[in-house]
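Close look at the chain arrangement
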Amino acid sequence: KAKEAGRARMTLYDPSMDADREQRNALELDLRMAIESGDLTLAYQPLIDAASYAPTGVEALVRWNRPGHGPISPEVFIPIAETSGLIESLGLFVLRKACETAKQWPELNVSVNVSPGQFRNPAFADYVRYVLKQTEVEAGRITLEITEGYMIQNPQRTRQSIERLKALGVKVALDDFGSGFSSIGYLRQFGFDRIKIDRSLVMGVNEDKRQREMLQATVALARSLDIPVTAEGIETEEQAIAMRLFGCDCLQGYLFGKPMTADLITEMLDARHAAEPEGRRRLGAA
Ligand code: C2E
Ligand code: MG
Ligand code: MG
Ligand code: MG
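Think of each chain on its own: its residues are numbered from 1, step by step along the sequence as written. By the order in which they are written, chains take letters starting at A while ligands take numbers starting at 1. Given that this is a predicted model, residues contribute local features only at a pLDDT of at least 70 and side-chain atom pairs are listed and counted only at 80 or more, while totals for whole chains, interfaces and linings are drawn from all residues. The basis for the side-chain values is all heavy atoms of the structure; hydrogens and waters are excluded.

**Quick word on the overall build of the protein chain**
- Helix and strand labels come from DSSP, where a helix needs a run of H or I of at least four residues and a strand needs a run of E of at least two; each type is numbered from the N terminus. Secondary structure summary: the protein chain contains 13 helices and 9 strands in total.
- On C-alpha atoms alone, the protein chain measures out to a radius of gyration of 20 Å, which is about the 19 Å that the 2.2 N^0.38 rule sets for 286 residues.
- Of all 286 residues assigned to the protein chain, the portion counted as buried reaches 45%.
- When contacts within the protein chain are restricted to residue pairs at least 6 apart in sequence, long-range pairs at least 24 apart make up 67% of them.
- Exposure was quantified through the Shrake-Rupley algorithm and a 1.4 Å probe, taking into account, for residues, occlusion by the shown protein chains and nothing else. Carbon and sulfur atoms make up 52% of the accessible area of the protein chain, which totals about 15100 Å².
- Put simply, the protein chain has 35 plus and 40 minus side-chain charges, and the middle of one group is 4 Å from the middle of the other. Radius of gyration here is computed from C-alpha atoms only, and the compact-globule reference equals 2.2 Å multiplied by the residue count raised to the power 0.38. For every residue, the accessible area (1.4 Å probe, protein chains only) is compared with the maximum for its type, and the residue is labelled buried under 20%, exposed over 50%, or partly exposed between those bounds. Contact definition: two residues touch when any of their heavy atoms are within 4.5 Å. A positive count includes Lys and Arg, and a negative count includes Asp and Glu. His and the chain ends are not counted in either. Think of each charge as sitting on NZ of Lys, CZ of Arg, CG of Asp or CD of Glu.

Shown next as structure tokens:
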């Protein structure tokens, strides 16, 4: 709103700026309480093997139903958690909850989003190790998804953090690839276990020739480093077919399942087990 008001009026008293700040403070306070009282929940979205269409994992996505306001998007409250010092405790909650829940699904890999504010903490790997130990989950079944923004600013420290995390046995994936400043040089030196192609690119697959070619080149880039590639935001069968053709081994999107409760994931797995002969049960395990 301050921007809309224009430069000339910036120095004048603008009551709407106070209102914005007040709203933000209220939101921050509510978020703080939600974290403290455990009012955040996790939704889980299936990750699908591109060849067999069997679920191989889930991505944990945090959810907040703000009292009196309804659901607030993580794209709104994660940045607020970042700037108000809440990201540490929010991130710890998410990691612990995801690891605890992972034990219910021995055949699935569980992905957890990590924000720059958590990753920046030199003790991050220590608390990942602590949570793994506490929840007794096998490290190899946990993937930490990080985005590239922080990496670019601190390549040296990022490389060290990734090394320490990988030494614990967890996997590290680069999230939202193709949405920002990704460069092939970074990809090579960081040793990511997986790359996720951003939904904004995947969306264009059936649009025009140029978008399709750009997407294809992005996947080829990742694959040239022998890093497995997930396509996110798959909504149509055409997108799924194209991404598989381009070489993505893993697919994620509303076509296969929206983020859902842990109980629904368990039901989905049970239904598959009931339909499949014994020997094929672990087909999806990565
Ligand atoms: P992300 O990690 O790239 O997660 C994928 C987002 O795309 C999720 O949105 C998911 O619901 C959405 N999505 C998946 N498939 C489709 C599809 O086919 N169509 C459309 N339209 N959307 C799809 P969500 O849950 O709102 O999360 C948004 C972002 O917030 C995430 O993007 C991630 O960056 C961040 N986030 C979510 N949970 C956490 C968390 O626990 N910790 C941190 N640090 N960040 C989180
Ligand atoms: Mg993610
Ligand atoms: Mg993503
Ligand atoms: Mg994204």
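Text resumes after the structure shown.
**Things to note about the nonpolar core**
- Definition used in this section: a nonpolar core is a set of buried Ala, Val, Leu, Ile, Met, Phe, Trp, Tyr and Cys residues joined via side-chain atoms within 4.5 Å. Ranked by size, the top nonpolar core spans 79 residues in total, and within it Leu144 and Met243 carry the most contacts.
- Per-element tally for this core: the top contributor is helix α4 (residues 87-102), with 8 residues.
- When near neighbours in sequence (up to four residues on either side) are disregarded, Leu144 contacts Leu95, Val112, Val114, Phe124, Val128, Leu165, Val170, Lys171, Val172 and Ala173.

**Structural notes on the site of ligand 1**
- Lining the immediate surroundings of ligand 1 are 22 residues, of which Arg63, Asn113, Asp175, Glu235 and Tyr254 lie closest.
- The definition of a polar contact used here is a pair of N or O atoms within 3.5 Å, where within protein one atom must be able to donate a hydrogen and the other to accept one, and adjacent residues in sequence count solely through side-chain atom pairs. Residue Gln45 places a side-chain N or O atom 3.0 Å away from a nitrogen atom belonging to ligand 1.
- Val62 places a main-chain nitrogen or oxygen 3.1 Å from a nitrogen atom of ligand 1.
- Starting from 800 Å² of accessible surface for ligand 1 in isolation, the protein chains cover 86%.
- Elements represented by at least two residues in the shell around ligand 1 include exactly β2 (55-66), α3 (74-83) and β6 (171-177).
- A total of 4 residues in the shell around ligand 1 trace back to one element, the largest contributor, which is β2.
- Under this grouping Gly is polar, as are all residues other than the nonpolar Ala, Val, Leu, Ile, Met, Phe, Trp, Tyr, Cys and Pro and the charged Asp, Glu, Lys and Arg. Counted by class, the shell around ligand 1 contains 9 nonpolar, 5 polar and 8 charged residues. Any residue with a heavy atom lying within 4 Å of a molecule or strand is counted as near it.

**What about the coordination of the magnesium ion (ligand 2)?**
- Each metal site lists N, O and S donors within 2.8 Å (3.2 Å for Na, K and Ca). With water left out of the atoms, a site can look as if it is missing ligands. The coordination sphere of the magnesium ion (ligand 2) contains the protein donors Glu59 (OE), Asn113 (OD1), Glu145 (OE) and Asp175 (OD), at a distance range of 2.0 to 2.2 Å.
- Sequence spacing of the donor residues for the magnesium ion (ligand 2), all on one chain, is E-x53-N-x31-E-x29-D.
- A spacing of 3.7 Å is found between the magnesium ion (ligand 2) and the magnesium ion (ligand 3), which share Asp175 as a donor. Taken together, the residues span a long stretch of sequence, with Glu59 in strand β2 and Asp175 in strand β6 at a distance of 116 residues.

**Digging into the pairing of β6**
- Taking burial as the measure, the 7 residues of β6 include 5 buried ones, the bulk of the element.
- Of the pairings in the sheet, the one linking strand β5 (residues 142-146) to β6 comprises 4 bridges and is parallel in character. By the bridge assignment, Ile146 is partnered in β6 with Leu174. For two strands to be treated as a pair, DSSP must find no fewer than two bridges joining them.

**Topic: the packing of aromatic side chains**
- Centre distance within 6.5 Å is the pairing criterion for rings of Phe, Tyr and Trp, where only the six-membered ring of Trp is used; planes under 30 degrees apart are then read as stacked, over 60 as edge-to-face, and the remainder as tilted. For the structure on display, the rule yields 6 aromatic pairs.
- Summarising the aromatic geometry, the rings of Trp64 and Phe77 are spaced 5.6 Å apart at their centres and angled 85° between planes, so their arrangement reads as edge-to-face. Taken together, the residues Trp64 in strand β2 and Phe77 in helix α3 connect sequence positions 13 residues apart.
- When its relative accessible area of 0% is taken as the criterion, Phe77 is described as buried.
- Taken together through their ring pairs, the aromatic side chains of Phe119, Phe124 and Tyr127 make up a single cluster.
- A cation sits over an aromatic face here: Lys258 above Tyr254, 4.7 Å from the ring centre. Geometrically, a lysine NZ or arginine CZ counts as sitting over a ring once it is within 6 Å of the ring centre and also within 35 degrees of the ring normal.

**Focus on the environment of Thr261**
- Position of Thr261 among the secondary structure elements: in the loop between β9 (250-251) and α13 (262-275).
- Distance in space between the C-alpha atoms of Thr261 and Arg212 is 34 Å, their sequence separation being 49 residues.

**A look at the pattern of salt bridges**
- Every case where a carboxyl oxygen of Asp or Glu lies within 4 Å of a side-chain nitrogen of Lys or Arg is listed as a salt bridge. On inspection of all chains with the given rule, the structure shows 11 salt bridges.
- One salt bridge in this structure joins Glu59 and Lys196, with 2.8 Å as the shortest N-O distance. Note that Glu59 is positioned in strand β2 and Lys196 in strand β7 (residues 194-197), a separation of 137 residues in sequence.
- Judged by its relative accessible area of 5%, Glu59 falls in the buried class.
- The class for Lys196 is buried, based on a relative accessible area of 1%.
- With its nearest N and O atoms 3.1 Å apart, the salt bridge here joins Lys209 to Glu213. Here the residue Lys209 and the residue Glu213 both occupy positions in helix α11 (residues 209-224), the gap between them amounting to 4 residues, near one helical turn.

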